[in-house]
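Secondary and tertiary structure notes
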Protein chains: 2
Amino acid sequence: MAAWSSTSVASEMTVNGNMMHLPLTIPSLLALAASRHGKSCRAMAGAGTGTATARCGAESIGWRRRCSNWVFAVRRQGSELVASGRGDVRNRAAAQRQWQGDQVATARTLRRRADPSAFDRRQHRRSGSVKTIQISKYGRPGEVIDLVDVAPPDRPGPGEVIIAMTLAPIHPADLLLARGFYGVRPKLPAVLGGEGVGRVLQAGDGVALKRGDRVLVPNRYPCWAEQIKIPATGLFACPPDVPDDQLALVSVNPLTAMLMLDESRLTPGRCFIQNAANSGVGRAVIMIARAKGLRSVNLVRRQELIPKLKSIGADIVLLEGPNLKQRLAAEAGAVAIDAAFDGVAGESTAQLVACLAKGGTLTSYAGVSNQPFSLSPTEMIFRDINLRGFWLVDWLTRTAPEIVAERLQSLVEMTRQGTIRSEVAVDYAVEDFAAAIAHAQKGEGKILLRFGTRHAA
Amino acid sequence: MAAWSSTSVASEMTVNGNMMHLPLTIPSLLALAASRHGKSCRAMAGAGTGTATARCGAESIGWRRRCSNWVFAVRRQGSELVASGRGDVRNRAAAQRQWQGDQVATARTLRRRADPSAFDRRQHRRSGSVKTIQISKYGRPGEVIDLVDVAPPDRPGPGEVIIAMTLAPIHPADLLLARGFYGVRPKLPAVLGGEGVGRVLQAGDGVALKRGDRVLVPNRYPCWAEQIKIPATGLFACPPDVPDDQLALVSVNPLTAMLMLDESRLTPGRCFIQNAANSGVGRAVIMIARAKGLRSVNLVRRQELIPKLKSIGADIVLLEGPNLKQRLAAEAGAVAIDAAFDGVAGESTAQLVACLAKGGTLTSYAGVSNQPFSLSPTEMIFRDINLRGFWLVDWLTRTAPEIVAERLQSLVEMTRQGTIRSEVAVDYAVEDFAAAIAHAQKGEGKILLRFGTRHAA
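Residues numbered from 1 in each chain as written. Chains lettered and ligands numbered in written order. Predicted model: local features only at pLDDT ≥ 70, side-chain atom pairs only at ≥ 80, totals over all residues. Heavy atoms only, no water.

Some details on the interface of chain B and chain A
Our working rule: Contacts are assigned to residue pairs with any non-hydrogen atoms lying within 4.5 Å of each other. By buried area we mean how much accessible surface two parts lose on assembly, using a 1.4 Å probe and totalling the loss over both. Any Lys or Arg side-chain nitrogen located within 4 Å of an Asp or Glu carboxyl oxygen qualifies as a salt bridge. Residues adjacent in sequence count toward polar contacts only when both atoms are side-chain atoms; beyond that, a polar contact is any pair of N or O atoms within 3.5 Å, and within protein one must be able to donate a hydrogen and the other to accept it.
Each side of the interface is counted separately: chain B has 30 residues, and chain A has 29 residues. Taken over both partners, the interface formed by chain B and chain A buries close to 2,200 Å², and the fraction arising from carbon and sulfur atoms is 61%. Three residues, B:Phe373, B:Ile381 and B:Phe382, lead the burial of chain B against chain A; their summed loss comes to 28% of the area buried on that side. Summed over the shared surface of chain B and chain A, the number is two salt bridges. The partner of A:Lys358 in a salt bridge is B:Asp394, and the shortest N-O contact between them spans 3.0 Å. For the pair chain B and chain A, the interface holds seven residue pairs in polar contact (both at pLDDT 80 or more).

So, in structure tokens, the structure goes:
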């Protein structure tokens, strides 16, 4: 294990405004993170913010760990490792005991993940059962989503693969589907999960992929399961230098962002506006748009998100609210806005339309406000506004798998190069799916499910 | 004057539920109508409906006449002449006196219109003033619209024509413009008028049109004036066998209907839905769609409009209201509806969208409900619905005059062949513009302004 400097390590940190004494936490984590990169880290205390920062000489991937009543994360921010915690600290002693106890597993897991040969030692059982998250009726996610043990998939047929899932995010769409409010209502019982990353466990005849290859599981195949069997068409081996948690989030939000930008036909230098700019799609829109030379106007609901989004390439960031058009003009002068991307609906849609130039197009891809659009017909008629819905599932249905794979590969490459990056809050073991889903419903960053830990060596 | 049979002439008729003794009315009108066609007419009483029907051997044009407190119309319906009346009959004696007194002018006007050489005898004065209807401020139509005497246009320059206007309709758009709520706000004072028909009074150098040619005045040129000077580009001489009142209504509503149908790219046999089906645009949509082999579902607000719209070619006519999709299924089974045309907005738009098949397009061309759209974003996203505004002025702005003329000529030909027909309620002399505008605001059929009557021989 590489050396780490303890001179500036936080021995106390503030979690949700409560000072916690966590002497092992940050040094342990930073040491483990550093061990993965073979570099020394210097840790220092955050200024009462619930974060501790560690400079690290190497690029580092994010890493996060959950205890039963709080979460802790280490992630890369530029050249720094940032460790942050959040949780319920009403019982400090219990939390601390849990955290400390967790260090043993933490160290084992990190060491295993740092070793590229770890997968082959994981001894996925081909007999026995695999844990699968499914619904057997539609209703509130907390009430209808179950973890069940099912038989593992049969031997893969020609052109098929069995994938051992590693990580899969919980998207609002997954919870909408559980409620029965999504665009499709699969036959019950139905496995959930919209995308993820896993490794090939077994490949059928005629499949170029080999055991151990990391693959994205695209949106067509429910994947909240330790093992799934799907067609290999359009699957590809991902490069080794992209972290799992980033790969797990490529197939839905960044793909939606890329396709909406493509379909808007904006040419370099042209400007668009979007709300929900700090969402997964919103952030991907900003980063892909910057790479395409487009200018973005971004709406958020909290002041502190303004510098955050500017740091990932947003040109203009404004708070949602009245007089948006006037505030935009005050900040940016006369800007012709050719397209709008709407993830909110309700009043926000009318604000976006008001900012659009004549002939502009608004693309609605989500309605997190749960409000209907309220739009003036004269606005639509006299200003020649076009309003369209975008649903990734539709695009996937009508697009050849080779084209889908080509788009996903380009997104993986953008991820590898750091052009785009998803923001992950925390991951939960599949056994803790209930806590993960409860956390995801708070809408505070992406929550991932981690599969297969019980099979690990 | 041709003979007419008085054996079955209505000597009494019901107007708005009141029996009126109008001994001269129907025979006089039918005789005059017949005289125009050189055929005898047989008149018979309507069955207490406020209408009288006259079979006529020839194709006949509509004709209508206004007294100060009621209106009377003769129009063609298939091979029949239908005379109908409507108005305020609280003072029957006064109404009857006015009507009878009006017969003299009626006869003179009809004879003049029946004579193709009448125009040359009209002696339009090239000196003096021309009556023009304009606004000098924006506000309520009844308060801001004035009739003013202005100097007649100068001699036409090369490529220009002076047109003596004959008839021009009052459209809701004209009144919206007066209120300042239209898509453009011209510099004041501004002449009103969105379309009409007139005759060439004087042609500039290089103009192929000659004095007396009847021309449509398309939507770009304000035309509520006895004389206007406009570029001759795109103008064409209309065939003689199409009545003025039909020509006056070709350039806005039927053109809007034709373009919306064209842009919907519906192929023969495919189905669309529209509200405001009895409006000028709605009726034109029905008739043009039938000629194109399309199937129409039409929404109206009054039961009595159902047979009326079926008689002009509507396939399905339903009352606006709840459970529209279910009622449509009950009447027509599973129908894939690919397009919707919305002239109402508000709740009605959501009803149209609910009936659309996945991937369908809704075109909004008016919002007579004065309500905003209220639409579910999930409906738009999961069912891939496209919502667009259509404004004729935009199309005219971006389209070459030759293309505009080609579309208008095809509509004139469809009008000549009886494929399409506008429904005119009544015309008013330009001097009675205030009454005409008040009448138009009731929205009971198209009201026309008649120009140039004071110059008639």
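Structural notes on the environment of A:Leu209
Residue and element names in this part refer to chain A. We count it as follows: Secondary structure elements are defined from DSSP: runs of H or I of at least 4 residues count as helices, runs of E of at least 2 residues count as strands, and each element is numbered from the N terminus. For each residue, the accessible area found with a 1.4 Å probe, counting protein chains only, is set against the maximum for its type, and the residue is called buried under 20%, exposed over 50%, and partly exposed in between.
Here Leu209 is to be found in the loop between strand 13 (196-203) and strand 14 (214-217). Residue class for Leu209 comes out buried when judged on its relative accessible area of 10%. As for Leu209 and Arg199, which are separated by ten residues in sequence, their C-alpha atoms are 9.9 Å apart. In this structure Leu209 touches Val200, Ala203, Val215, Leu235, Phe236 and Ala237, once residues within four positions along its chain are discounted.

As for the environment of A:Leu305
Residues and elements named next belong to chain A. With respect to the element layout, Leu305 can be found in helix 8 (residues 305-311). Taking the C-alpha atoms as reference points, Leu305 and Leu319, 14 residues apart in sequence, are found 9.2 Å from one another. Every residue in contact with Leu305, bar those within four places of it in the chain, is listed here: Asn278 and Val300.

Structural notes on the relation of the copies chain B and chain A
The test is simple: Least-squares fitting of one copy onto the other uses the C-alpha atoms of those residues that reach a pLDDT of at least 70 in both copies.
When chain B is fitted onto chain A, the two copies agree to an RMSD of 0.1 Å after a turn of 180° and an axial shift of 0.0 Å. The superposition operator between the copies reduces to a two-fold rotation axis. Same-surface contact between copies: 97% of interface residues of chain B are shared with the interface of chain A.

Points about the packing of helix 6 (residues 253-264) of chain A against helix 7 (residues 280-292) of chain A
Think of two packed helices as two axes; the pair is described by the angle between the axes and how far apart they sit. All names here are of chain A. For clarity, the cut-off: A fitted line through C-alpha atoms serves as each axis, taken over the contacting stretch for helices, and the angle formed by two N-to-C directions is quoted from 0 to 180°. Angle categories are assigned with fixed cut-offs, so that under 35 degrees is roughly parallel, over 145 is roughly antiparallel, 65 to 115 is roughly perpendicular, and the rest are oblique. In this scheme, a crossing is called left-handed if the near helix is turned counterclockwise away from the far one by less than a right angle; it is called right-handed if the turn is clockwise. Charged means Asp, Glu, Lys or Arg here, nonpolar means Ala, Val, Leu, Ile, Met, Phe, Trp, Tyr, Cys or Pro, and polar covers whatever is left, Gly included.
At a closest axis distance of 8 Å, the pairing of helix 6 and helix 7 adopts a crossing angle of 50°. One element, helix 6, and the other, helix 7, form an angle in the oblique class. Seen along the crossing, helix 6 lies across helix 7 with a hand that is right-handed. Here helix 6 contributes Asn253, Pro254, Thr256, Ala257, Met258, Met260, Leu261 and Asp262 to the contact with helix 7, which in turn contributes Gly280, Val281, Ala284, Val285, Ile288, Ala289 and Lys292. Residues belonging to the contact of helix 6 with helix 7 are distributed by class as follows: ten nonpolar, three polar and two charged.

Take it as geometry only, folks, not as evidence of what the structure does.
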